[in-house]
Amino acid sequence: MRARAIVVLAAMVLGAVVPGSADRQSLTLATDVAQVAVTPVPCSTSGFELRFGNSGKTAVYADAFLDAGTSLTLSRKLVSSYLPPGYTLKVPISVNAPRGTTPGSYSIVVKAGGQKLTLPVQVGEPPTDTTGNLARYVPVTASSEHLPVYPACGAVDGDRDSEHWAKTTGWNDATKGNFPDWLQVTFDQPQSVGRVDLYTLNSKQYPAARYGLKDWDVQAQVGANWQTVAEVRGNTAGLKSSTFTPITATAIRIRTLASNEGPTYSRIVELEAYAG
């Protein structure tokens, strides 16, 4: 009898929170914007707020599924939550268009229960750099990323200001105390590179002499091989320019070896590359 009572009680509890078909019809979907505009660049800040609600009188557990096809990238494809009666959950969703995405009209489809919402997305023309910085607007990758605050794209977003660290800019690896790390930009076509500027962390609160990168190699990919074109040792400045005989490369990589803080993290605020 005791075991049966437990089973019955469990069924009653589950019945109070697991939605049936009628409960699922009470789900609501909305967004804070009528359209999302996206520019195909790294670290695009485009996005929207998904408003996932329950207009019914019974609390439910519910899922909202987001689909943007293969052309767009979403920060989340599933929102799963407990929704009390009359409650609306607000979830920020970032939207990115990879470099090379054809400009035009796209859409994001959100489904929950029997509800469906379609949000238009307009992808614009990719911007072009006019400063000569070859690392701007090109694909960037890293050995690891301390997400969500320090993505690799934060080191090629055009922001050199260390005072913005941990707010809007900068890359930090995710493997504390483990060196080497690396940050890499890959060109659309081979480029002649003769100078690489590296801005490491150097703010009032976090001076470079204590928290910035100390040692690193500048490497260029020539064909299938990586060549070290410059070495930096004992750096204590926020900006270090490495000049070398121009070389035609398909990618540039910073191989970090040590931080002034000791066995902690690799921190790059901005990476720039020029023809020299």
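Quick caveat: nothing in here was measured; it's all calculated off a predicted structure.

**Some details on the layout of surface pockets**
Of the pockets and cavities examined, the largest pocket occupies roughly 940 Å³. Along the walls of the largest pocket sit 32 residues, with Cys43, Ser44, Asn96, Pro151 and Cys153 positioned nearest its centre. Split into classes, the residues belonging to the lining of the largest pocket amount to 17 nonpolar, 11 polar and 4 charged. Looking at the second largest pocket, its volume works out to about 210 Å³. For the second largest pocket, the lining is made up of 14 residues, of which Arg99, Leu134, Arg136, Val138 and Asp188 are closest to its centre.

**Quick notes on the sheet that holds strand β7 (residues 88-96)**
With antiparallel pairing, 4 strands are arranged side by side in an open sheet as β1-β3-β7-β5. Every interior strand has two partners, whereas the edge strands, β1 (27-31) and β5 (73-74), have only one. Taken together, the 2 bridges between β5 and β7 define a ladder with antiparallel strand orientation. Note on β7: the bridge partner recorded for Leu74 is Val95.

**Some details on the confidence of the model for the protein chain**
For the protein chain, mean pLDDT is 90; residues scoring 70 or higher make up 91% of the total. Note on residues 1-22: pLDDT is under 50 here. Beyond four places in sequence and across chains, it has 10 contacts.

**Things to note about the nonpolar core**
Side chains of a nonpolar character, in soluble globular proteins, are inclined to be buried together. If you look at the biggest cluster of nonpolar residues, it comprises 31 residues, and the most contacted ones within it are Leu183, Val185, Val196 and Val218. Mapped onto this core, the elements with two or more residues apiece are β10 (140-142), β12 (181-200), β13 (213-222), β14 (225-232), β15 (239-259) and β16 (267-274). Every residue in contact with Leu183, bar those within four places of it in the chain, is listed here: Val140, Thr141, Ala142, Ala152, Ala155, Trp171, Ile252, Arg253, Ile254, Ile268 and Leu271. Core analysis: the second largest hydrophobic core is formed by 28 residues, Val60, Leu83, Ile108 and Ala112 among them.

Here is what the cut-offs are and how they apply
Residues numbered from 1 in each chain as written. Predicted model: local features only at pLDDT ≥ 70, side-chain atom pairs only at ≥ 80, totals over all residues. Heavy atoms only, no water. 1 Å grid on protein atoms, 1.4 Å probe; cavity = no way out; pocket = protein on both sides within 12 Å on 5 of 7 lines; lining within 4 Å. Points joined across faces, edges and corners; volume = space filled by probe spheres on them. Nonpolar A, V, L, I, M, F, W, Y, C, P; charged D, E, K, R; others polar. Pairing = 2+ DSSP bridges. Helix = DSSP H or I, 4+ residues; strand = E, 2+ residues; numbered from the N terminus. pLDDT = per-residue confidence, 0-100. Contact = heavy atoms within 4.5 Å. Core = buried A, V, L, I, M, F, W, Y, C linked by side-chain atoms within 4.5 Å. Buried < 20%, exposed > 50% of the residue type's maximum accessible area, 1.4 Å probe, protein only.

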